[in-house]
Amino acid sequence: MKRPVVLLTGAAGYIGSHTWLCLAAAGYQVVGVDNFVNSSPRVLGRLQALLGTAPVFERADVCDMSAMLAIAQRHRVDAAIHFAALKAVGESMQQPLAYYRNNLGGVLATCEALGHAGAKRFVFSSSATVYGQPKSLPIAEDAALAATNPYGQTKLMAEQMLTDLRQADGA
């Protein structure tokens, strides 16, 4: 029986690399994608040592639709977990367009690639920044949304994009 193939974006980052190990331990075949903007290629060596085999990895920018489509089709991807994003709140306030271009473009290109490849399962890594300054802690998932910086806005806008996509797909 074919093991499900999970496309893991931001795969060489801290959360991505730990998720990779968990997915592999659970029996999934992982295809990692990263451009090393927020990570290091050295992570791949560490993953190989821990996995006992060379990780399946594609160096690509998740905003590159044609690259993402080629990866999704070549590896017959069944699902994706999307961690790839620029992630510094302060930097997002200095370079808002870079954050909108990267964070929203990455979600858009990855979802389009999955759609063309026939994969419908998508896990998105959002952020507590979508809640702005919460009225209480811990933050409940149904708390009011009020992002106060471009990074948080990109996460909130991506959540809305994914909600719209889910509704269009009839889910």
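The structure reproduced in this document is the subject of the present report. (Residues numbered from 1 in each chain as written. Predicted model: local features only at pLDDT ≥ 70, side-chain atom pairs only at ≥ 80, totals over all residues. Heavy atoms only, no water.)

Quick notes on the pattern of salt bridges
- Taken as a whole, this structure holds 3 salt bridges when the rule is applied.
- In this structure, the salt-bridge partner of K2 is D78, at a minimum N-O distance of 2.8 Å. Linking K2 in the segment before β1 (5-9) with D78 in the loop between α3 (65-74) and β4 (79-82), this pair joins segments that are 76 residues apart in sequence. (Salt bridge = Lys/Arg side-chain N within 4 Å of Asp/Glu carboxyl O. Helix = DSSP H or I, 4+ residues; strand = E, 2+ residues; numbered from the N terminus.)

A word on the sheet that holds β1
- Read from one edge of the open sheet, 5 strands run β3-β2-β1-β4-β5, paired in parallel fashion. Looking at strand neighbours, the two that pair on one side only are β3 (56-59) and β5 (121-124), the edges of this open sheet. With strand direction ignored, the average angle separating the axes of adjacent strands in the sheet is 20°.
- In this structure, β1 lies alongside β4, joined through 4 bridges in parallel fashion. Its bridge partner being in β4, L7 is matched across the sheet by A80. (Pairing = 2+ DSSP bridges. Axes fitted to C-alpha atoms, helices over the stretch in contact; angles between N-to-C directions.)

A look at the side chain of T129
- Tracing the sequence through the fold places T129 in the loop between β5 and α6 (150-168).
- Polar contacts involving the side chain of T129 include one to the side chain of S127, which spans 2.9 Å.
- Not counting residues up to four positions away in its chain, the partners in contact with T129 are V89, A147, T148, Y151 and G152. (Polar contact = N/O pair within 3.5 Å; in protein donor to acceptor, adjacent residues only side chain to side chain. Contact = heavy atoms within 4.5 Å.)

Focus on helix α1 (residues 14-25)
- Taking 1.5 Å as the rise per residue, α1 with 12 residues should run 16 Å; its terminal C-alpha atoms sit 17 Å apart, in good agreement.
- Every buried residue of α1 is accounted for by G16, S17, T19, W20 and L23. Take α1 and look down its axis: the buried residues cluster within an arc of 160°, on one side only. When the buried face of α1 is taken as reference, the exposed residues oriented beyond 90 degrees from it are Y14, I15, C22 and A25.
- Looking at the buried positions of α1, the neighbouring elements they touch are β1, β2 (29-34), α2 (42-51), β3 and β4.
- Just downstream of α1, G27 is the residue with a positive phi angle, here 100°. (Expected span 1.5 Å × (residues − 1). Buried < 20%, exposed > 50% of the residue type's maximum accessible area, 1.4 Å probe, protein only. Arc of directions from axis to C-beta.)

Observations concerning the nonpolar core
- Counting residues in each nonpolar core, the largest one holds 16 residues, and the members touching the most others are L7, V33, M68, I71 and V77.
- Counting residues per element, the ones that place at least two in this core are β1, β2, α3 and α5 (96-117).
- When residues of this core are assigned to their parent elements, the largest contribution, 4 residues, is made by α3.
- When residues no more than four places from it in sequence are discounted, the contact partners of L7 are V31, V33, M68, I71, V77, A79, A80, I81 and T110. (Core = buried A, V, L, I, M, F, W, Y, C linked by side-chain atoms within 4.5 Å.)

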